[in-house]
Amino acid sequence: MLFGVPQAVKAFFRPVLAGVSKPIRRALPVMVLALLLAPHRRCLKTLAGMVLGHREHVATISRRLRNRLWKTYDWYSRFFKSLLSDTDRWERRAARQQQRHWMLVIDTTYHSTMSECMENLLVMRRRQSPNRRSSAQHAFVMGLLLTDKGGRFPLPRKSYYTKGYCRKKRRKYRSLNDLAATLIREVVVPDGVDVTVVYDSAFDAKQVHRASRQRGFREVFPLDPNRNLSASTDVEAEEVPGQKVVHWTRTWTRDEFELLELQFANEDHVFFRRRHRDNLRSRKTWRRYAAAARRATVSKLGDCLIVASYKENPKVKLVVGASADWWAHHTGPVPYDRQQRPQPKRWQAKVLACTDPTATVRQVVEWYEVRWQIEVFFRELKSRMQLGCYVLMKFEAVERYLDLLLMGFLLLEQQRLRDLEGAGPPSERGGEAWVQARTTDRLRSLEALCAEWNAGVIEQRLRSPTGRQRLLKELRQRTLRVA
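Remember, predicted model here, so these are calculated numbers, not experimental data.

Student: How do you make sense of unusual backbone geometry when you look at a structure like this?
Tutor: Trans peptide bonds make up most of the peptide bonds, and negative phi angles are found at most residues other than glycine. Despite not being glycine, Asn-120 has its phi angle at roughly 60°, a positive value. Summarising the element assignment, Asn-120 is placed in the loop between strand S1 (100–113) and strand S2 (122–124). By relative accessible area, Asn-120 is classed as buried at 6%. Here the phi dihedral of Lys-300 falls at roughly 70°; this positive angle occurs in a residue that is not glycine. By the secondary structure assignment, Lys-300 is in the loop between strand S11 (287–298) and strand S12 (302–312). Of the residues examined, Lys-300 reaches a relative accessible area of 45% and is grouped as partly exposed.

Here is the structure:
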């Protein structure tokens, strides 16, 4: 239990609380703190017990999530811009006139449910296995903005609305690629910052490429095996029939490839990863690639740098007759079926495209490695912050629930920025604990901050008889009466 909201947390919510009503001003910080500090397997009863003191008032929390006055998307956008401005101001001083490089990673996250009464459910049909049942899911397109000093900022979420839900709510239908293009167009980036957009092959679409070209962003993504070479350098030029890019890379000679050994001590993008300090060892961070690059014109993309890479996975055991050399995989057949589940191999093949033809092989490989950070963010959001524990019929309530979780994520990033400002610029490799701390470590730091706040409040109230009576009264009122 908390005896009020700590001052450090109030300072984070101050930019928004000044313009809202008194009930929202009192409830918003407490609800976000409850979402961060609630125990494992969260439900609305648990939130009601932490926010209102009694778990039987669960309907109050549900009404708040359905209340139209709770404009959580607008509030989160203001929090995002405010924290991004503060981070940019600190990192600009720490950069000391050096070229700054940020990365934007885009992906879709799904939350499956067994309920058939929820709104806006996307039904995923069974494909390969006839025994596999269909699943109903909510889909959100998310963007993660990574700064060159380790900042991680989730962009305001973009919810995917099904065609049936759009007809019901009279909304305009937009595909997942349309939402990703909107994220790229709306992202706020300071002047003088070089931006690289990274995503998987699902977002290899014309609207996404057009939005990146309009913003002047560099793109790195894996090519579809069915994409062809272009007849000229013009983006709108016709493709060359039968000249598939992936098949073309298989004709490259062995002399063009180089072996890249990457680990924590020699990689250039160590701040983007924010590994736990227990994993800052060469054995833990060692990776090996065989990669080569050629400049080519690709249909609908124009002049690009094509990188054919093979990443070694030493944990995969070789079957009888299989080769441990990457060249055997390079000369093998090209799989064109995107629906086929990939089999684990010693060397995983990936053909990457970079819209900046002046980049190097090593840069493209390291840029695409950063894409995995959004998968780590989804794992933390679902497992540590319990995104998947909601059971809400109205989709507007689901969106507000996610917005409140993302506000808590920004609160943790704001506390990290305060630690950086107090400790000074990090070292060249960023090995300090407060630099590499992820969600779990930041949550423990927030719990320590709240425990210190409670100790200060109790110490202050024990100084007078009135304060002691008030403390005993609150302790009796906060006792949970519902199992």
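And the narrative resumes.
Student: So what exactly am I meant to see when it comes to empty space enclosed by the protein here?
Tutor: Here the idea is plain: a probe the size of a water molecule rolls over the atoms and shows the empty space left. Tallied over the entire structure, the rule returns one cavity of 30 Å³ or more. What lines the largest cavity is Leu-83, Thr-87, Trp-90, Glu-91, Gly-151, Phe-153, Glu-413, Arg-416, Leu-417 and Leu-420. Of all the secondary structure elements, the ones that give two or more residues to the lining of the largest cavity are helix H5 (72–95) and helix H15 (395–423). Residue composition of the lining of the largest cavity, grouped by class: five nonpolar, two polar and three charged.

Student: Would you take a moment to explain the packing of helix H1 (residues 7–17) against H5 for this structure?
Tutor: Each packed pair of helices is defined by two parameters, the angle between the axes and the distance between the axes. Taken N-terminus to C-terminus, the directions of H1 and H5 make an angle of 120°; their axes are 9 Å apart at the nearest point. For the element pair H1 / H5, the angle class is oblique. Both H1 and H5 take part in a crossing whose hand is right-handed. Of the residues in H5, those in contact with Phe-12, Phe-13, Pro-15 and Val-16 of H1 are Trp-75, Arg-78, Phe-79 and Ser-82.

Cut-offs used in this document
Residues numbered from 1 in each chain as written. Predicted model: local features only at pLDDT ≥ 70, side-chain atom pairs only at ≥ 80, totals over all residues. Heavy atoms only, no water. Helix = DSSP H or I, 4+ residues; strand = E, 2+ residues; numbered from the N terminus. Buried < 20%, exposed > 50% of the residue type's maximum accessible area, 1.4 Å probe, protein only. 1 Å grid on protein atoms, 1.4 Å probe; cavity = no way out; pocket = protein on both sides within 12 Å on 5 of 7 lines; lining within 4 Å. Points joined across faces, edges and corners; volume = space filled by probe spheres on them. Nonpolar A, V, L, I, M, F, W, Y, C, P; charged D, E, K, R; others polar. Axes fitted to C-alpha atoms, helices over the stretch in contact; angles between N-to-C directions. Parallel < 35°, antiparallel > 145°, perpendicular 65-115°, else oblique. Left-handed = near helix turned anticlockwise from the far one by under 90°. Contact = heavy atoms within 4.5 Å.

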